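# Structure at a glance
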Amino acid sequence: FGNTGYWRLVMSPYSIHFRPSDEHKSVWALGAERQGDTGWLYGGSYFSNSFGQPSAYAYVGQQYPGLWGKPPLFFQWSGGLMYGYVGKYKNKVPLNYNGFSPGAVVSLGWQFDRQTSAQLNMLGDAAVMFQFSHEWR
């Protein structure tokens, strides 16, 4: 990851489910990422899952700025370990073992200025999450 880079605070106030259910609750997230100069990043987030359960996601990933020749447009992916789908919702995510399961997120984002960006995060085939970020460089 290198010794240089910067921190990013991430916040998601809202998600849209592709197949809404009466059991679904509002999904939100708060997190922090460390972005390295090589494009690699690592981070963690605390969120309320689709069923209102407190959950967490620890991950590594990579960001690719300048997508399709547009400097503000970027692609990002992450993969890691998720915790939080327990009880009667344990089968709502694949490979869940005692609430722990693998997680992956792919994102398309727009960098508004040096410190502010917004992303659309694909949450598997379940939902899209709207995210805002602030960077400390």
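Up top is the structure.
First things first, this report covers the structure right here in the doc. (Residues numbered from 1 in each chain as written. Predicted model: local features only at pLDDT ≥ 70, side-chain atom pairs only at ≥ 80, totals over all residues. Heavy atoms only, no water.)

## Quick notes on the side chain of Asn121
- You can see Asn121 is positioned in strand 7 (residues 116-123).
- We classify Asn121 as buried; its relative accessible area is 4%.
- A polar contact of 2.6 Å, which involves the side chain of Asn121, links it to the side chain of Ser107.
- A polar contact of 2.8 Å, which involves the side chain of Asn121, links it to the side chain of Gln131. (Helix = DSSP H or I, 4+ residues; strand = E, 2+ residues; numbered from the N terminus. Buried < 20%, exposed > 50% of the residue type's maximum accessible area, 1.4 Å probe, protein only. Polar contact = N/O pair within 3.5 Å; in protein donor to acceptor, adjacent residues only side chain to side chain.)

## So, the pattern of salt bridges
- Under the defined criterion, the tally for this structure stands at five salt bridges.
- The salt bridge partner of Arg8 is Glu135, with a shortest N-O separation of 3.1 Å. Of this pair, Arg8 sits in strand 1 (residues 5-17) while Glu135 sits in strand 8 (residues 127-136); the two residues are 127 residues apart in sequence, bridging distant segments of the chain. Grouping residues by exposure puts Arg8 and Glu135 together as buried.
- Between Lys88 and Glu23 there is a salt bridge, with its nearest N and O atoms 3.7 Å apart. With a gap of 65 residues between them, Lys88 in the loop between strand 5 (73-83) and strand 6 (100-111) and Glu23 in the loop between strand 1 and strand 2 (28-36) connect regions that are remote in the sequence.
- Owing to a relative accessible area of 32%, Glu23 belongs among the partly exposed residues under this scheme.
- Among the charged side chains, a salt-bridge network with shared partners connects Arg8, Glu33, Glu135 and Arg137. (Salt bridge = Lys/Arg side-chain N within 4 Å of Asp/Glu carboxyl O.)

## Let's talk about the sheet that holds strand 4 (residues 54-65)
- Within the closed barrel, the eight strands sit side by side as 1-2-3-4-5-6-7-8. Their pairing is antiparallel. Neighbour-to-neighbour, the strand axes of this sheet turn through a mean angle of 25°, independent of strand direction.
- In this sheet, strand 6 lies alongside strand 5 in antiparallel orientation, the contact comprising eleven bridges. Bridging from a neighbouring strand, Leu73 pairs with Trp110 of strand 6. (Pairing = 2+ DSSP bridges. Axes fitted to C-alpha atoms, helices over the stretch in contact; angles between N-to-C directions.)

## A short note on unusual backbone geometry
- A positive phi angle is found at Trp68, which is not glycine, with a value near 55°.
- Looking at the element boundaries, Trp68 is found in the loop between strand 4 and strand 5.
- Even without being glycine, Leu95 reaches a positive phi, approximately 60°.
- Topologically, Leu95 is positioned in the loop between strand 5 and strand 6.

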